[in-house]
Amino acid sequence: MTTPDNPARATIDRALNHDRDALEELLLLRYDWLRDVATKAIPVSLRERVSVDEVLQESFVRVLRGFPAFTPQGGEPSLFFW
């Protein structure tokens, strides 16, 4: 059930049960956080040549393609660090 302290809980639970629509929703809900992670992962020397948004888009494509093989172990953290 969705709660005020964690509005994405139901979506996370659905994603952990291999609901692709829920995974897409989570990617969008966490977009700003994921963009920050991607920005920090690109070396400063490459940031003029590499678009963070392109890196993130490619990452989303890979996540969605690989999602059927995802095995949830550890709940939400395993989903976001997978």
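These notes cover the structure that comes with them. No experiment lies behind these values; they were computed from the predicted model shown. (Residues numbered from 1 in each chain as written. Predicted model: local features only at pLDDT ≥ 70, side-chain atom pairs only at ≥ 80, totals over all residues. Heavy atoms only, no water.)

## Some remarks on the environment of Arg65
As for its position among the elements, Arg65 is in helix H4 (residues 52-66). For Arg65, a relative accessible area of 68% puts it in the exposed group. Along the chain, Arg65 and Arg20 lie 45 residues apart, while their C-alpha atoms are 10.0 Å from each other. (Helix = DSSP H or I, 4+ residues; strand = E, 2+ residues; numbered from the N terminus. Buried < 20%, exposed > 50% of the residue type's maximum accessible area, 1.4 Å probe, protein only.)

## Focus on the side chain of Thr11
Relative to the assigned elements, Thr11 resides in helix H1 (residues 9-16). What makes Thr11 buried here is its relative accessible area of 6%. Engagement of the side chain of Thr11 in a polar contact is seen with the side chain of Glu25, the distance being 3.4 Å. (Polar contact = N/O pair within 3.5 Å; in protein donor to acceptor, adjacent residues only side chain to side chain.)

## Thoughts on the pattern of salt bridges
Following the criterion strictly, the structure yields four salt bridges and no others. Residue Asp19 pairs with Arg14 through a salt bridge whose shortest N-O separation is 3.2 Å. Judged by its relative accessible area of 34%, Arg14 is partly exposed. For Glu24, the salt bridge is made with Arg20, and the minimal N-O distance between the two is 3.2 Å. (Salt bridge = Lys/Arg side-chain N within 4 Å of Asp/Glu carboxyl O.)

## Some details on the packing of H1 against helix H2 (residues 20-29)
Between H1 and H2, the least distance of the axes is 7 Å, while the angle of their chain directions is 130 degrees. Classed by the angle they form, the pair H1 and H2 counts as oblique. Like other packed secondary-structure pairs, H1 and H2 cross with a definite hand, here left-handed. Across the interface between the two elements, Thr11, Ile12, Arg14 and Ala15 of H1 pack against Asp21, Ala22, Leu23, Glu25 and Leu26 of H2. (Axes fitted to C-alpha atoms, helices over the stretch in contact; angles between N-to-C directions. Parallel < 35°, antiparallel > 145°, perpendicular 65-115°, else oblique. Left-handed = near helix turned anticlockwise from the far one by under 90°. Contact = heavy atoms within 4.5 Å.)

## Observations regarding the packing of aromatic side chains
If you walk through the whole model with that rule in mind, you get one aromatic pair. Each ring, one from Tyr31 and one from Phe60, has its centre 6.2 Å from the other, and the planes form 85 degrees; the classification is edge-to-face. Remark: Phe60 occurs in helix H4 and Tyr31 occurs in helix H3 (residues 31-41); sequence separation between them is 29 residues. For Tyr31, a relative accessible area of 27% gives the class partly exposed. What makes Phe60 buried here is its relative accessible area of 16%. (Phe/Tyr/Trp six-rings, centres within 6.5 Å; stacked < 30°, edge-to-face > 60°.)

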